[in-house]
Amino acid sequence: MPWIVGVSGASGTPYAAAVLRALLAAGESVDLVVSRASRLTLLDETGISFRDAHWREDLGEWLGRGADGKPGTFQADLTAVRYWNAGDLAAGPSSGSYRTKGMLIVPASTAAVAGVALGLSKDLLQRAASVNLKERRPLVVAVRETPLNGQTLRHLVTLDDFGAVVVPTSPAFYAGATHIQDLVDFVAGRVLDAAGVGHRLYRRWEGDLGGAST
């Protein structure tokens, strides 16, 4: 069974890339949904145009880039990835009978948060999230916005009440980050921790002060 990964239009496409690489490295299958708004963000942040007809080629280029934008930094086997168009409301993930392990929305824009919290299901990303909630499957929402207004905070509380896990895209520094990729990987690792997927993206806290400096 796959994990659904929904990529919304918030800034933070390197977070999504890190999560996708780690899922594939862990031997997981992925159902990918890329929203229309996220394509604009991806183009702005990486210069990559994500095209339906060439999604595998474009995804390979995207996942190959480091958080600093350098191409060819990583390699990922895309064999276990299935892509669904965000406008396809007849797609597999739109139905509760389509079996999945759960869903990760990374990054999650405030618009995506609101749509899921209100049950709007205006595209496949929102519909798949609603399905995972009603089927009591894991839903991890990596919200990327600052500051947060009261309306968004209420939507996040609603998602928490529904059983979702809200993961702010807030990197920590106790893991000894020396590069922007380390900060991105920490957030990606926390998203995977919330989903229960094993990884080695960051150094875990073990109670030893001063570990970050070494």
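This one's a predicted model, so the numbers in the text were calculated from it and none came from an experiment.

Chemist: Is there a simple way to explain the overall build of the protein in this structure?
Modeler: Of the regular secondary structure elements, the protein holds 7 helices and 6 strands. Going from the N terminus to the C terminus, the protein shows its helices and strands as β-α-β-α-α-β-β-α-α-β-α-β-α. What you see for the protein is a C-alpha radius of gyration of 16 Å, in line with the 17 Å of a compact globule of 214 residues. By its C-alpha atoms, the protein is 50 × 40 × 30 Å across when sized along the principal axes. Here the protein, with 214 residues, has 50% of them falling under the buried criterion.

Chemist: Help me out: how do you make sense of helix α7 (residues 180-195) in this one?
Modeler: Residue pairs three or four apart in sequence face the same way in an α-helix, which turns once every 3.6 residues. Taking 1.5 Å as the rise per residue, α7 with 16 residues should run 22 Å; its terminal C-alpha atoms sit 23 Å apart, in good agreement. Of all the residues in α7, the buried ones are Gln181, Val184, Asp185, Phe186, Val187, Ala188, Gly189, Val191, Leu192 and Ala195. Elements in contact with the buried residues of α7: β1 (3-7), α1 (13-25), β4 (102-108) and β5 (139-143).

Chemist: Would you take a moment to explain the nonpolar core for this structure?
Modeler: By size, the foremost hydrophobic cluster in this structure holds 38 residues, and its most contacted members are Leu23, Leu32, Phe50, Leu59, Trp62 and Leu104. Put simply, the parts of the chain that give this core at least two residues each are β1, α1, β2 (30-34), α3 (55-64), β3 (81-85), β4, β5 and α7. Aside from chain neighbours lying at most four places away, what touches Phe50 is Leu32, Val34, Arg39, Leu42, Trp55, Asp58, Leu59, Trp62 and Tyr83. Residues Ile4, Val33, Leu124 and Val141 belong to the second largest nonpolar core, which totals 24 residues.

Chemist: Where do I start with helix α4 (residues 110-118) in this structure?
Modeler: Along α4, the residues that are buried comprise Ala112, Val113, Ala114, Gly115, Val116 and Ala117. Remark: Gly119 follows α4 within two positions and exhibits a positive phi of approximately 70°.

Chemist: Hey, could you run me through the environment of Ala175 in this one?
Modeler: Note on placement: Ala175 falls in the loop between β6 (165-166) and α7. Distance from Ala175 to Phe186, taken between C-alpha atoms, is 7.9 Å for residues 11 residues apart in sequence. With residues up to four places along the chain from it excluded, the contact list for Ala175 reads Phe186, Tyr202 and Arg203.

Chemist: Would you take a moment to explain the environment of Val191 for this structure?
Modeler: If you trace the backbone, Val191 turns up in helix α7. Sequence separation between Val191 and Leu104 is 87 residues; the distance between their C-alpha atoms is 7.7 Å. Setting aside chain neighbours within four positions, we find Val191 in contact with Val19, Leu104, Val140, Ala142 and Val167.

Chemist: I tried to follow the packing of aromatic side chains on my own but got confused; where do I start?
Modeler: Two measures describe an aromatic ring pair: the distance that separates the ring centres and the angle between the ring planes. The full count for this structure, using the stated rule, is 7 aromatic pairs. Judged by centre distance (5.6 Å) and plane angle (90°), the rings of Tyr174 and Phe186 are edge-to-face. One end of the pair, Tyr174, is in the loop between β6 and α7; the other, Phe186, is in helix α7, and 12 residues separate them in sequence. The class for Tyr174 is partly exposed, based on a relative accessible area of 33%. Looking at Arg21, its charged tip hangs above the ring of Phe74, at a distance of 3.8 Å from the centre.

What counts, and at which threshold
Every chain's residues receive numbers from 1 upward, in the order its sequence appears when written. Given that this is a predicted model, residues contribute local features only at a pLDDT of at least 70 and side-chain atom pairs are listed and counted only at 80 or more, while totals for whole chains, interfaces and linings are drawn from all residues. Neither water nor hydrogens contribute to the side-chain values; these are computed over all heavy atoms in the structure. Helix and strand assignments come from DSSP, with helices taken as H or I runs of at least 4 residues and strands as E runs of at least 2, each series counted from the N terminus. When we talk radius of gyration, it's over C-alpha atoms, and the globule rule is simply 2.2 Å times the number of residues to the 0.38. Each residue gets one of three labels from its accessible area relative to the maximum for its type: buried under 20%, exposed over 50%, partly exposed in between, using a 1.4 Å probe on protein chains only. What a helix is expected to span follows from its residue count: subtract one and scale by 1.5 Å. The contact criterion used is simple: two residues touch if any of their non-hydrogen atoms lie within 4.5 Å. The criterion is simple. A nonpolar core is a set of buried Ala, Val, Leu, Ile, Met, Phe, Trp, Tyr and Cys residues joined through side-chain atoms within 4.5 Å. Pairing of aromatic rings covers Phe, Tyr and Trp, the last counted by its six-membered ring, and requires centre-to-centre distances within 6.5 Å; plane angles under 30 degrees mean stacked, over 60 mean edge-to-face, and any other angle means tilted. Should the NZ of a Lys or the CZ of an Arg lie within 6 Å of a ring centre and within 35 degrees of the ring normal, that charge is described as sitting over the ring.

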